[in-house]
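Here are the chains, one letter per residue:
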Amino acid sequence: MQKYLLIALGGGLGSIARYWVGSPIGSRMGVRFPYGTLVVNMTACAIIGFALTWFSQRAEINPAWRYLFAVGFIGAYSTFSTYEWETLSTLRSGAFALASIYALGSLVLGLAAVWCGAALAEAI
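Residues numbered from 1 in each chain as written. Predicted model: local features only at pLDDT ≥ 70, side-chain atom pairs only at ≥ 80, totals over all residues. Heavy atoms only, no water.

Q: I'm lost on the overall build of the protein chain in this one. Help?
A: A tally of helices and strands in the protein chain yields five helices and zero strands. Listing every helix and strand of the protein chain by position from the N terminus yields α-α-α-α-α. Counting only C-alpha atoms, the protein chain reaches 50 × 40 × 30 Å along its principal axes. For the protein chain, buried positions account for 24% of its 124 residues. Within the protein chain, residue pairs in contact and separated by at least 24 positions form 58% of the contacts whose partners lie at least 6 positions apart. Total accessible area on the protein chain stands at roughly 8,600 Å², and carbon and sulfur atoms take up 71% of it. Each charge sign in the protein chain was given a centre, from 7 positive and 4 negative side chains, and these centres are 7 Å apart. (Helix = DSSP H or I, 4+ residues; strand = E, 2+ residues; numbered from the N terminus. Buried < 20%, exposed > 50% of the residue type's maximum accessible area, 1.4 Å probe, protein only. Contact = heavy atoms within 4.5 Å. Areas by Shrake-Rupley, 256 points an atom, 1.4 Å probe, with all protein chains shown as cover. Lys, Arg positive; Asp, Glu negative; His and termini not counted. Charge placed at Lys NZ, Arg CZ, Asp CG, Glu CD.)

Next comes the structure, spelled out in structure tokens:
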């Protein structure tokens with residue numbers, strides 16, 4: 001039960017951080033190009049790369065921090081970072097074809113899913 005509470009707490013904080021980072025950038029730079037989302041996604045990638053590597057190299061760190069920070073906070077801040085981390089992990093394992101299929105498949109299928117969802121919403 002503790003891990004779910006830690007994930008929820010981290011998720012709430014990550015959602016707020018996403019708003020605090022993305023909104024000011026979007027309001028300053030405009031919304032024609034999603035600068036705020038781009039900054040959130042790129043900072044999340046850097047943070048998850050650092051955090052998961054750092055946590056895995058320090059056995060003395062309580063695993064609860066992974067739930068609070070990596071799963072909860074970063075998961076709510078941006079799921080794009082998880083996608084990138086999983087792609088990197090697959091590449092590091094030597095499964096280059098699998099990593100390519102995952103990366104390209106996520107992009108194409110994700111775009112198709114968004115299009116289908118939008119089409120459904122417009123149809124009803």
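Additional details are given in the paragraphs that follow.
Q: Help me understand the side chain of T87 in this model?
A: For T87, the position within the fold is in helix α4 (residues 80-92). Beyond its immediate stretch of four places on either side in the chain, T87 contacts A99, Y102 and A103.

Q: When you look at the packing of helix α2 (residues 35-57) against α4 in this model, what are you seeing that I'm missing?
A: Between two packed helices, the angle of one axis relative to the other and the distance separating the axes together describe the packing. The N-to-C vectors of α2 and α4 enclose an angle of 50°; their axes lie 8 Å apart at closest approach. As far as their axial angle goes, α4 and α2 are oblique. Seen from above, α2 lies across α4 with right-handed handedness. Across the interface between the two elements, N41, M42, A44, C45, I48, G49, L52 and T53 of α2 pack against F80, S81, T82, E84 and W85 of α4. Considered class by class, the residues forming the contact of α2 with α4 number seven nonpolar, five polar and one charged. (Axes fitted to C-alpha atoms, helices over the stretch in contact; angles between N-to-C directions. Parallel < 35°, antiparallel > 145°, perpendicular 65-115°, else oblique. Left-handed = near helix turned anticlockwise from the far one by under 90°. Nonpolar A, V, L, I, M, F, W, Y, C, P; charged D, E, K, R; others polar.)

Q: Sorry, what's going on with the nonpolar core here?
A: General note: in soluble globular proteins, nonpolar side chains tend to be found buried as a group. Counting residues in hydrophobic clusters, the biggest one holds nine residues: A17, V40, A44, I48, L52, A70, F73, I74 and Y77. With residues up to four places along the chain from it excluded, the contact list for I48 reads T53, I74, S81, T82 and W85. (Core = buried A, V, L, I, M, F, W, Y, C linked by side-chain atoms within 4.5 Å.)

Q: For this particular structure, what's the right way to read the environment of W20?
A: Along the chain, the position of W20 falls in helix α1 (residues 2-29). With 72 residues separating them along the chain, W20 and R92 place their C-alpha atoms 33 Å apart.

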